[in-house]
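Residue-level structural notes
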Amino acid sequence: MAETKQPRRMLPTRRGFFTGVGVTAVVASGGGGYVWWSGDRTGLPGTEIDDFVAVEADGTIVFACPAVEMGQGATTALPMVLAEEIGADLARIRLLPARRIAARYGNPDFDGRMVTADSKTTRGYFDLLRRAGARARLAFFDAARRLEGWSVDDLEARDHAVRHRPSGRALDFAEIVARTTLAAPGTDTPLPLKPRRAFTVIGTSPPLRDTLARVTGAMRYGIDRRSPDALVAVVRRAPHLGGRPLEVRDGEARRFGGVVDVVRLDDGVAVAATDTWSALEGARRLDVVWSPPSDVSDATFEAILVAALSDDRDRGAVLAETGDVQGALTHATRRFVARSHAPHVSHLAMEPMNAEARGTTLGLAVDIRSSTQSQDLDMMYGARSWKTAPFLVETEPAPCGGAFGRRVLNDVVRDAARVAKTLGRPVQVIRPLLDELRRGQVRPAAVHEIEAGTDAAGDLVAWHHRQVSDSVLARQIPATFEARGRIDNTSTDGMRHPYRVGAERLAWIRRELPVEPGFLRGVSAGHATWAIETMVDRIAAAHGRDPLDWRRAHVDDPRGRAVLDDVALASGWGRADDRLRGLALMVFRGSWVATVAEATHEATPRLVRLWIAADVGLAIHPENVRRQIEGAAILGLSMAAGERLRYAGGRAVIDGVGDYPVARCDALPRISVRLVGHEAAERPYGVGEIGVPTVAPAIANAFARRTGTWADRLPFVVDVART
Amino acid sequence: MVSIELSVNGETRTVTVPDPAMPLLFVLRDLLGLTGTRIGCTEAVCGACTVLVDGAAVRSCQTAVGDLGGAAVTTIEGLSKRGDHPLQRAFVEADVPQCGYCQSGQIMRAAGFLMERPDPTRREVEDAMAEILCRCGTGPRIVEAVLRAAELAHG
């Protein structure tokens with residue numbers, strides 16, 4: 001078995017320094033933010049083996065799950081990793097949400113923060129959970145040795161039992177804990193990990209946790225968890241950007257049904273009631289004079305973004321620069337220039353955003369419960385709004401009814417804390433979907449300009465890609481923005497293309513727009529990949545080269561070539577038939593994705609099918625990986641084909657939720673997802689977002705095979721051929 | 001405040017509401033604790049709040065509780081005792097849900113639809129289920145599961 005070193009802790013001195021102190025400390029983290037560490041207890045029942053694992057009296061493994069569940073399957077995949085190393089039965093692993101102790105539970109791939117996002121959960125916790133599992137396995141081995149006199153070298157663990165190979169006897173974990181006390185291995189004990197070939201849990205596709213609860217209505221999301229003594233409140237905000245209440249007449253609202261109180265905030269007016277309908281109706285009945293709207297519109301935004309491309313005073317933050325790109329462009333045989341515009345888009349997660357705040361400790365402290373992607377950031381919003389220290393904020397995450405990045409910067413916590421503090425009683429705030437569409441966070445609009453140069457054969461010699469957009473980090477978490485050298489990776493993700501090129505320059509220019517920016521599944525890769533991959537097809541078409549051959553010739557990584565070959569084979573690429581086929585390739589979050597869109601050969605082509613090949617490294621739960629990619633591809637299709645928030649007169653042009661067009665199941669192509677390379681892979685890469693970005697360019701490239709043109713803005717018209 | 005009697009999942013329940021115009025959705029969730037019926041857009045766009053009224057799928061956010069008369073309301077909690085309605089079995093078999101938030105509405109819409117059309121074509125299923133929004137992208141699996149449930153119901 002492979003030996004590994006002890007886990008590298010975020011805070012190596014933690015145990016020595018903090019054990020038994022029972023106080024709270026704040027420690028600067030590598031990411032430029034802060035890691036808050038509160039107390040020294042995991043809060044796990046039973047015998048604690050590790051921060052992540054305890055064992056209860058009946059042999060049940062308790063797992064402190066550091067990730068929240070929003071449909072991505074983390075509460076199935078993470079226990080599988082643990083079960084693999086322990087030799088545990090998945091059904092006998094119980095999950096508890098990990099407490100907000102970032103020093104223990106923070107994601108190593110996320111600056112040690114407790115955030116479930118960025119397709120980083122499984123890959124980030126993979127090593128930690130394997131080691132935690134190995135520790136538990138060793139604890140069971142040690143107990144079995146003491147009980148039976150067996151040599152540890154003769155033991156293996158599977159099906160929730162320790163097995164003694166020479167005698168064939170087995171001790172169930174329940175029997176072990178009934179007969180003796182488990183002792184966690186010492187911190188310097190080597191932790192042997194299972195070799196890849198011995199995996200029996202990882203790589204299988206057991207039923208997902210909670211599926212039955214999700215189809216019987218028993219699942220309780222954050223919005224369903226309002227405490228019996230809490231009021232429910234709705235904040236009425238102006239329909240226009242930046243609107244503030246100047247004058248409020250609330251008589252009619254106060255008289256309605258179960259309305260209890262009205263709270264004026266700087267950016268809205270909250271109506272708190274004993275039932276949801278009264279809160280909604282009360283908010284509707286408020287008579288508010290708002291500060292006037294500005295006159296900004298999509299034209300304003302576009303003018304600001306486009307002007308930045310010719311502003312010589314700010315050439316942007318450089319992500320990569322190789323060779324003399326201007327020289328290479330000048331000497332290129334052919335030059336290509338394309339500008340691609342991506343609109344503001346919204347998440348429209350189905351569960352309205354919600355948070356409950358409850359003052360404790362004579363109002364000094366506050367408990368926050370919310371459908372959230374980040375306990376750490378809920379703490380930040382809670383502390384600021386309650387005007388208290390972060391360690392006085394308790395956070396409790398609830399399962400999310402969709403998240404898509406929106407619940408990372410879960411700003412509804414701010415509303416809940418403000419209203420609960422003012423009223424001096426617990427309050428759950430829920431945010432209507434219409435208000436969220438008009439005033440909530442959006443994926444920032446962007447403009448890409450790519451200049452490419454080729455030689456006589458059509459090979460790439462120069463690539464100059466500039467993108468202009470606002471920055472989520474700069475606006476929402478400035479300390480992180482500064483710590484990352486003033487480059488917002490969530491605005492530049494997707495710009496690093498996979499192609500060999502002599503000279504290139506990738507730059508991002510930030511321009512602030514008066515719209516609230518937020519993270520959205522796929523972030524900037526959702527449009528950068530479209531800009532890049534349509535440019536590739538323009539080049540291939542101009543040189544009469546096959547788009548697949550061109551990509552193969554420019555990609556060195558065998559994983560990239562493998563997904564290209566796989567999707568080509570599956571989709572019948574190059575077949576002489578009545579179909580158009582368009583290709584897009586991407587490497588994102590460590591995973592490779594190649595997508596072929598198949599369309600009818602008509603003057604106005606219609607989409608028939610999407611073929612996706614993905615190398616995600618080790619697939620913990622292959623069926624769920626395929627499901628995630630399929631779901632993300634539908635979001636990608638929805639954003640390619642219709643999603644766009646329009647702005648005019650200082651506001652989003654949205655009068656009802658139905659004004660925001662999203663894909664529905666009467667207009668979906670068939671989607672096939674194939675996994676490549678996972679059989680031999682040792683480590684998982686990102687999954688959650690990777691289905692989104694290649695869909696738009698694959699469709700655009702398929703249609704262009706007939707039309708010869710590529711749309712210069714998202715969304716574009718995509719008709720689906722129904723069968 | 002007004003007292004209203006209604007039939008939910010086979011039981012007669014009495015609720016006190018601020019106004020008979022109170023939508024059934026909020027009566028179910030806030031007054032009866034039946035949170036399996038989900039709150040979404042509250043404007044008849046998303047369908048997350050779909051329930052059956054006398055066997056027909058309706059949007060409970062648009063159904064005034066005072067207009068129900070004696071109609072029988074069935075929510076996801078009342079669809080089956082053990083989660084073994086053919087639709088629920090088919091949804092579990094196909095591992096349809098991701099976040100699961102829309103699934104009550106999907107299943108109740110499908111239940112109403114299959115009562116009208118026990119032998120639907122794929123296209124009819126797609127059209128019916130397009131009324132219920134899913135942002136996770138479970139649409140293709142929903143269509144498969146509804147077709148499978150139609151088979152199971154005959155089985």
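Attention here is on the structure that accompanies the text. (Residues numbered from 1 in each chain as written. Chains lettered and ligands numbered in written order. Predicted model: local features only at pLDDT ≥ 70, side-chain atom pairs only at ≥ 80, totals over all residues. Heavy atoms only, no water.)

**Considering the overall build of chain B**
Scanning chain B from N- to C-terminus turns up 6 helices and 5 strands. Going from N to C terminus, chain B has its helices and strands arranged as β-β-α-β-β-β-α-α-α-α-α. For 155 residues, the compact-globule formula gives about 15 Å, and the C-alpha radius of gyration of chain B, at 15 Å, lands near that figure. With the principal axes as the frame, chain B shows a C-alpha extent of 45 × 30 × 25 Å. Within chain B, buried positions represent 61% of all 155 residues. Within chain B, residue pairs in contact and separated by at least 24 positions form 54% of the contacts whose partners lie at least 6 positions apart. Of the roughly 5,700 Å² that chain B leaves accessible, carbon and sulfur atoms contribute 46%. (Helix = DSSP H or I, 4+ residues; strand = E, 2+ residues; numbered from the N terminus. Rg over C-alpha atoms; globule rule 2.2 N^0.38 Å. Buried < 20%, exposed > 50% of the residue type's maximum accessible area, 1.4 Å probe, protein only. Contact = heavy atoms within 4.5 Å. Areas by Shrake-Rupley, 256 points an atom, 1.4 Å probe, with all protein chains shown as cover.)

**What about the interface of chain B and chain A?**
Residue-level contacts link 49 residues of chain B with 59 residues of chain A. Roughly 4,400 Å² is buried in total at the junction of chain B and chain A, and carbon and sulfur atoms are behind 58% of that figure. On the chain B side of the contact with chain A, Gln98, Tyr101 and Arg135 of chain B bury the most area, a combined 19% of that side's loss. The interface formed by chain B and chain A holds 9 salt bridges in total. Between Arg141 of chain B and Glu623 of chain A there is a salt bridge; the shortest N-O distance is 2.9 Å. The tally of links between chain B and chain A comes to 25 residue pairs in polar contact (both at pLDDT 80 or more). Listing elements by their share of the side of chain B that touches chain A, those giving two or more residues are α1 (24-31), α2 (76-79), α3 (86-93), α4 (103-116), α5 (122-129) and α6 (139-154) of chain B. (Buried area = accessible area lost by both parts, 1.4 Å probe. Salt bridge = Lys/Arg side-chain N within 4 Å of Asp/Glu carboxyl O. Polar contact = N/O pair within 3.5 Å; in protein donor to acceptor, adjacent residues only side chain to side chain.)

**Observations concerning the pattern of salt bridges**
Residue and element names in this part refer to chain A. For the coordinates displayed, the defined rule picks out 86 salt bridges over all chains. Residue Arg644 is joined to Asp298 by a salt bridge in which the shortest nitrogen-to-oxygen separation is 3.4 Å. Taken as a pair, Arg644 in the loop between α20 (622-641) and β29 (647-648) and Asp298 in helix α9 (residues 298-308) lie far apart in primary sequence, 346 residues in all. The salt bridge partner of Arg339 is Glu449, with a shortest N-O separation of 2.8 Å. With Arg339 in strand β18 (residues 334-342) and Glu449 in strand β23 (residues 446-454), this residue pair connects regions lying 110 residues apart in the sequence. Because the salt bridges share partners, they merge into one network encompassing Arg237, Asp266, Asp267, Arg406, Asp411, Arg414, Asp415, Arg418, Arg431, Asp435 and Glu436.

**Description of the sheet that holds strand β7 (residues 93-97) of chain A**
All names here are of chain A. If you walk across this open sheet you meet the 4 strands as β4-β5-β6-β7, and the pairing is mixed. Each end of this open sheet is capped by a strand with a single partner; those strands are β4 (47-48) and β7. Judged from the 2 bridges that link them, β4 and strand β5 (residues 53-55) form a sheet pairing that is antiparallel. Opposite Thr47, over in β5, you have Val55 as the bridge partner. Against the sheet, helix α2 (residues 74-86) touches β5, β6 (61-65) and β7, its axis set at about 135° to β6. (Pairing = 2+ DSSP bridges. Axes fitted to C-alpha atoms, helices over the stretch in contact; angles between N-to-C directions.)

**Here's the deal with the sheet that holds strand β9 (residues 161-164) of chain A**
Residues and elements named next belong to chain A. Judged by pairing direction, the sheet is antiparallel, and its 3 strands sit side by side in the order β8-β9-β10 without closing on themselves. Lying at the two open borders of the sheet, with one neighbouring strand each, are β8 (155-158) and β10 (170-172). Sheet twist, expressed as the mean angle between neighbouring strand axes with direction ignored, is 20°. Where β9 lies against β10, 3 bridges are found, and the strand directions are antiparallel. Note that in β10 the partner of Ala161 across the bridge is Asp172. Those strands touched by helix α4 (residues 121-148) are β8, β9 and β10, and its axis lies near 125° from that of β8.

**Brief notes about the environment of Asp119 of chain B**
Residue and element names in this part refer to chain B. Residue placement: Asp119 occurs in the loop between α4 and α5. With relative accessibility at 55%, the residue Asp119 sits in the exposed group. Spatially, the C-alpha atoms of Asp119 and Thr138 are 22 Å apart, while their sequence positions differ by 19 residues. With residues near it in sequence (within four places) discarded, Asp119 still touches Glu124 and His154. Only 2.9 Å separates the side chain of Asp119 from the side chain of His154, close enough to count as a polar contact.

**Thoughts on the state of the cysteines**
Tallied over the full model, the rule gives 0 disulfides over all chains. No disulfide involves Cys400 of chain A; its sulfur sits 8.7 Å from the nearest other cysteine sulfur, which is in Cys99 of chain B. Lacking any disulfide linkage, Cys665 of chain A is separated from the closest cysteine sulfur, that of Cys134 of chain B, by 8.8 Å. (Disulfide = S-S within 2.5 Å.)

**Concerning the packing of α5 of chain B against α6 of chain B**
Residue and element names in this part refer to chain B. It is at 10 Å that the axes of α5 and α6 come closest, and there the two elements cross at 120°. The orientation of α5 relative to α6 falls into the category oblique. For the pair α5 and α6, the crossing hand works out as right-handed. The segment α5 lies against α6, with Arg122, Val125, Glu126 and Met129 engaging Ile142, Val143, Glu144, Val146 and Leu147. Here the contact of α5 with α6 is built from residues that sort into 6 nonpolar, no polar and 3 charged. (Parallel < 35°, antiparallel > 145°, perpendicular 65-115°, else oblique. Left-handed = near helix turned anticlockwise from the far one by under 90°. Nonpolar A, V, L, I, M, F, W, Y, C, P; charged D, E, K, R; others polar.)

**What about the environment of Arg13 of chain B?**
Residue and element names in this part refer to chain B. Here Arg13 lies in strand β2 (residues 11-17). With 19 residues separating them along the chain, Arg13 and Leu32 place their C-alpha atoms 8.5 Å apart. In this view, Arg13 contacts Ile4, Glu5, Leu6, Val8 and Leu32; residues no more than four positions away in its chain are not counted.

**Observations concerning helix α18 (residues 547-554) of chain A**
Residue and element names in this part refer to chain A. Regarding α18, the residues found buried are Pro547, Leu548, Trp550, Arg551 and His554. Each buried residue of α18 sits inside an arc of 160° when the element is viewed along its axis, so together they form one side. Those residues of α18 hidden inside the fold are in contact with β24 (460-469), α17 (525-542), α19 (558-571), β26 (579-588) and α21 (695-707). For α18, the capping residue at the N-terminal end is Asp546, with a side-chain oxygen 2.9 Å from the backbone nitrogen of Leu548. (Arc of directions from axis to C-beta.)

**Considering the pairing of β9 of chain A**
Residue and element names in this part refer to chain A. In this structure, β8 lies alongside β9, joined through 4 bridges in antiparallel fashion. Note that in β9 the partner of Arg158 across the bridge is Ala161. The loop that links β9 with its antiparallel partner β10 comprises 5 residues; one of these, Gly168, has a positive phi angle of about 75°.

**Describing the environment of Val146 of chain B**
By the element assignment, Val146 of chain B lies in helix α6. Among all residues touching Val146 of chain B, those that are not within four sequence positions of it are Leu87, Phe91, Ala110, Leu114, Val125 and Met129 of chain B.

**With respect to the packing of aromatic side chains**
Residues and elements named next belong to chain A. As enumerated under the stated definition, the model contains 8 aromatic pairs over all chains in all. Between Phe301 and Tyr647, the ring centres sit 5.5 Å apart and the planes meet at 65°, which makes this aromatic pair edge-to-face. Here Phe301, found in helix α9, pairs with Tyr647, found in strand β29; they are 346 residues apart in sequence, far enough to count as distant. Exposure remark for Phe301: the relative accessible area of 2% places this residue in the buried category. Overall, Tyr647 belongs to the buried group, its relative accessible area being 3%. Through a chain of ring-to-ring contacts, the aromatic side chains of Phe52, Tyr105 and Tyr125 assemble into a single cluster. (Phe/Tyr/Trp six-rings, centres within 6.5 Å; stacked < 30°, edge-to-face > 60°.)

**What to know about α21 of chain A**
Residue and element names in this part refer to chain A. End to end, α21 covers 18 Å across 13 residues, agreeing with the expected 18 Å (1.5 Å per residue, within 8%). Within α21, 10 of the 13 residues are buried, which leaves the element mostly enclosed by the surrounding structure. Regarding α21, the residues found buried are Val695, Ala696, Pro697, Ala698, Ile699, Ala700, Asn701, Ala702, Phe703 and Ala704. Looking one or two residues beyond α21, the residue adopting positive phi is Gly708, at roughly 75°. (Expected span 1.5 Å × (residues − 1).)

**Observations regarding unusual backbone geometry**
Residue and element names in this part refer to chain A. Here Leu714 and Pro715 are connected by a cis peptide whose omega angle stands at -10°. Residue position: Pro715 is located in the loop between α21 and β32 (719-720). The phi angle at Asp159 is positive, at roughly 50°, despite the residue not being glycine. Here Asp159 lies in the loop between β8 and β9. Residues other than glycine seldom take positive phi values, yet Asp210 does so here, at roughly 75°. Tracing the backbone shows Asp210 in the loop between β11 (191-193) and α6 (211-216).

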